[in-house]
Amino acid sequence: MPVEALRDEAAKRGLPRIGTPLRRVDLEPNHLYVCYMDEFDNEYVVRRGILTIVSADGKVY
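Nothing here was measured: the structure is a model prediction, and the numbers come from that model.

Focus on the environment of Val-25
Examined against the element boundaries, Val-25 turns out to sit in the loop between β1 (22–23) and β2 (33–37). Judged by its relative accessible area of 54%, Val-25 falls in the exposed class. Residues Val-25 and Ala-11, 14 residues apart in the sequence, show an inter-C-alpha distance of 24 Å.

As for the sheet that holds strand β4 (residues 50–54)
The 4 strands lie next to each other as β1-β2-β3-β4, forming an open sheet whose pairing is antiparallel. Looking at strand neighbours, the two that pair on one side only are β1 and β4, the edges of this open sheet. Here 2 bridges tie β1 to β2, and the two strands are oriented antiparallel to one another. For Arg-23, the partnering residue across the bridge sits in β2 and is Tyr-36. Sitting on the sheet, helix α1 (residues 3–13) is in contact with β2, β3 (43–47) and β4, with an inclination near 65° to β4.

Criteria and thresholds
Residues numbered from 1 in each chain as written. Predicted model: local features only at pLDDT ≥ 70, side-chain atom pairs only at ≥ 80, totals over all residues. Heavy atoms only, no water. Helix = DSSP H or I, 4+ residues; strand = E, 2+ residues; numbered from the N terminus. Buried < 20%, exposed > 50% of the residue type's maximum accessible area, 1.4 Å probe, protein only. Pairing = 2+ DSSP bridges. Contact = heavy atoms within 4.5 Å. Axes fitted to C-alpha atoms, helices over the stretch in contact; angles between N-to-C directions.

What follows is the structure, encoded as structure tokens:
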């Protein structure tokens, strides 16, 4: 998933602070997951094409 698409989706979902997501292969438990984190410690997890965003304070968007 392109980084701009992640940022756009985060804005649509109402994430208060949005940074630039960077790929974090070390957070991926297996080949089904693609993980990104931004400078505000928001985590973007794509599993089988479904995006889940977890903010730094633990809210799920």
